[in-house]
Amino acid sequence: MTAAVLGGGGWAVQQALTSAAANPAGGQKMWIALGAMAAVGLVVGLVVAGRVSPLATFVPSMVLLAWTVVYSLDVNRAISLIPDEPSVNQIIRDIGFGDKTMLTTGFFALLGVAMFIPVLTPSRWARRHEEEDEDYEESPQGGYY
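> So what's going on with the overall build of the protein? Which residues, and what values?
When helices and strands are counted, the protein shows 7 helices and 0 strands. Reading the helices (α) and strands (β) of the protein from amino to carboxyl end gives α-α-α-α-α-α-α. Within the protein, buried positions represent 29% of all 145 residues. Restricting to contacts in the protein with at least 6 residues of sequence separation, those with at least 24 account for 74%.

Below you can see the structure in the form of structure tokens.
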């Protein structure tokens, strides 16, 4: 989940910004970036709304919120966590540029809080009931009939 948000979301944001700057009317690159954003949003929505392990939203939310707190306390340290050296693959640098944009605009804080809310729901931490247990009925007499 964390990789989908940081990797896919970062790449999609960078591609959308680059495409919008180069061709404001849109184009194939813009549609691909919007499709990637929709795919990341779909994955986030399914995990947040579905009955998946509460850790599936807790861990990414803590990563996003922790990075936002580091950014609010020390901007240079938070930005230094993003790979931008020329020796790094271009795709990783694109992801880093998009992540920097989402971090500096506060999107990671917003998404981190939204992903943390399902963790507070007690029903997500409870075990699911098996159907076999519900079908069993105990006789009122307690005998073997």
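There's more to say after this.
> An account of the packing of helix H1 (residues 2-22) against helix H3 (residues 55-73) is requested, with residue identities and associated values reported.
Taken N-terminus to C-terminus, the directions of H1 and H3 make an angle of 50°; their axes are 8 Å apart at the nearest point. As summarised for this structure, H1 and H3 are arranged oblique, according to the angle between their axes. Between H1 and H3, the contacting residues are Thr2, Val5 and Leu6 on the first element and Val59, Pro60, Val63, Leu64 and Trp67 on the second. Of the residues in the contact of H1 with H3, the class split is 7 nonpolar, 1 polar and no charged.

> Describe the pattern of salt bridges, naming the residues involved and giving the relevant values.
Under the definition given, this model contains 1 salt bridge. Between Arg77 and Asp74 there is a salt bridge, with its nearest N and O atoms 3.6 Å apart.

> Can you tell me about the side chain of Gln15, naming the residues and giving the values?
Among the secondary structure elements, Gln15 is positioned in helix H1. Sequence-distant contacts of Gln15, defined by excluding residues within four places in its chain, comprise Lys29, Ala33 and Asp94.

> Mind laying out a nonpolar patch on the surface, listing which residues take part and the relevant values?
On the surface, a cluster of nonpolar side chains totalling about 360 Å² of accessible area is made up of Leu55, Val59, Val63 and Trp125. Tracing the backbone shows Val63 in helix H3. For Val63, a relative accessible area of 33% translates into the label partly exposed.

Calculation rules
Residues numbered from 1 in each chain as written. Predicted model: local features only at pLDDT ≥ 70, side-chain atom pairs only at ≥ 80, totals over all residues. Heavy atoms only, no water. Helix = DSSP H or I, 4+ residues; strand = E, 2+ residues; numbered from the N terminus. Buried < 20%, exposed > 50% of the residue type's maximum accessible area, 1.4 Å probe, protein only. Contact = heavy atoms within 4.5 Å. Axes fitted to C-alpha atoms, helices over the stretch in contact; angles between N-to-C directions. Parallel < 35°, antiparallel > 145°, perpendicular 65-115°, else oblique. Nonpolar A, V, L, I, M, F, W, Y, C, P; charged D, E, K, R; others polar. Salt bridge = Lys/Arg side-chain N within 4 Å of Asp/Glu carboxyl O. Patch = residues over 30% accessible without salt bridge, like charges linked within 9 Å, V, L, I, M, F, W, Y side chains within 5 Å. Areas by Shrake-Rupley, 256 points an atom, 1.4 Å probe, with all protein chains shown as cover.

Bear in mind that shape data such as this cannot, by itself, settle questions of function.
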